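Below are the chains, spelled out letter by letter.
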Amino acid sequence: MNNRPILGIIGGSGLYEFTALKDVETIEIDTPFGKPSSPIVIGTLSGNKVAFLARHGIGHFLSPTEVNYRANIFAFKKLGIQCLIGISACGSLREDYAPGHIVVPDQLVDNTKDRARTFFTDGLVVHVGVAEPFCPELSRLLYSAVAEAGATVHSGGTLITIEGPRFSTKAESNMYRSEGISLVGMTACPEAFLAREAELCYTTMAHVTDYDVWHVTEEPVSVDMVVRTLAKNTQMAQLAIQKLVEIMPEEMTCSCSNALANAIITRPECVPPETCERVKLLIGKYLES
Ligand SMILES: CSC[C@H]1O[C@H](OP(=O)(O)O)[C@H](O)[C@@H]1O
Ligand SMILES: Nc1ncnc2[nH]cnc12
């Protein structure tokens, strides 16, 4: 068996453990950006190693604003993982994306205000490209795996990330709808952007748990509604991840692993040594001359 986990999974609201894993080992990882939300559980699935982390901590004690997204992504990078799936509960902004369905979105709108959104600060300036914020190759594989697991799955749609922790007002929800946005959540940004900065393949398995607050005949979103809907999906989500592991190629052919090739603007000799030290796992290959 390959010693390095081939996939990282970030479990969201209602998914704090991955019970399908065998031969599990729990590891505490530290990063230059602090500790991840929870210890990382490494186990096997269809004979392959995967690594699981609970985004809000086990017991859900971190709000979407308080999650240390940088530490979470850096921890997966430290484990040598190339591919990452973020599992998220989301509100639907369109009739045909119904509660219980899965969406693999293809675009993001970032409406967050209060989060660390880059690894690169303190004398190092990097402008990463996120025109396609999700890895197209991993998204295609995830879509097939979810379909294979028997769920109703939709490919594409724009997901807006709001700061939270409050849910949206009706005016906000209707405004997002009028802008053609399909889903609303609180965690995909900056998770997806940091994964790109770490040159990882990343995509989201969005679980539609509610119709947010715009629908005239459905109840407005509540925590209870989210948790209840997600609970019905947890077995399927794990089966879908198993199917994904079974179809993942040895090497991805996308450009995610070179995302920073044309993104660093600071001259290498100008980057302070402490900054270099902190991010060398992410950009060491570009700073060597
Ligand atoms: C529990 S309702 C709101 C909460 O659920 C989603 O979390 P996650 O994306 O981690 O599944 C949403 O983004 C909010 O954080
Ligand atoms: N309606 C909603 N708004 C924001 N985040 C959510 N997570 C699940 N449902 C949500």
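Residues numbered from 1 in each chain as written. Chains lettered and ligands numbered in written order. Predicted model: local features only at pLDDT ≥ 70, side-chain atom pairs only at ≥ 80, totals over all residues. Heavy atoms only, no water.

Going by an unreviewed UniProt entry, the protein chain carries the name S-methyl-5'-thioadenosine phosphorylase and comes from Longilinea arvoryzae. According to the UniProt record, the Catalytic activity (unreviewed entry) comment for the protein chain reads "S-methyl-5'-thioadenosine + phosphate = 5-(methylsulfanyl)-alpha-D-ribose 1-phosphate + adenine". Here is the UniProt Sequence similarities (unreviewed entry) comment for the protein chain, exactly as written: "Belongs to the PNP/MTAP phosphorylase family. MTAP subfamily." (UniProt positions renumbered as here; feature names shortened; annotations may be inferred.)

With that settled, consider the site of ligand 1. Around ligand 1 sit Gly12, Ser13, Arg55, His56, Pro64, Ser88, Ala89, Phe167, Gly185, Met186, Thr187 and Val226, and those are all the residues in its vicinity. Contact distances for ligand 1 include 2.5 Å between an oxygen atom and a side-chain N or O atom of His56. The contact in question runs from an oxygen atom of ligand 1 to an N or O atom on the backbone of Ala89, over 2.8 Å. The protein chains hide 92% of the 390 Å² of surface that ligand 1 would expose on its own. When the residues that make up the shell around ligand 1 are grouped by side-chain class, the tally is 5 nonpolar, 6 polar and 1 charged. (Near = heavy atom within 4 Å. Polar contact = N/O pair within 3.5 Å; in protein donor to acceptor, adjacent residues only side chain to side chain. Areas by Shrake-Rupley, 256 points an atom, 1.4 Å probe, with all protein chains shown as cover. Nonpolar A, V, L, I, M, F, W, Y, C, P; charged D, E, K, R; others polar.)

Glancing now at the UniProt feature "binding site: substrate" (unreviewed entry) in the protein chain. Here, UniProt's "binding site: substrate" (unreviewed entry) annotation points to Met186, Asp210, Tyr211 and Asp212. Along the chain, Asp210 falls in strand β11 (residues 201–210). For Asp210, a relative accessible area of 3% gives the class buried. By the element assignment, Tyr211 lies in the loop between β11 and α5 (223–247). Not counting residues up to four positions away in its chain, the partners in contact with Tyr211 are Ser92, Arg94, Glu95, Tyr97, Ala98, Pro99 and Glu218. Polar side-chain contacts of Tyr211 include one of 2.7 Å to the backbone oxygen of Glu95. (Helix = DSSP H or I, 4+ residues; strand = E, 2+ residues; numbered from the N terminus. Buried < 20%, exposed > 50% of the residue type's maximum accessible area, 1.4 Å probe, protein only. Contact = heavy atoms within 4.5 Å.)

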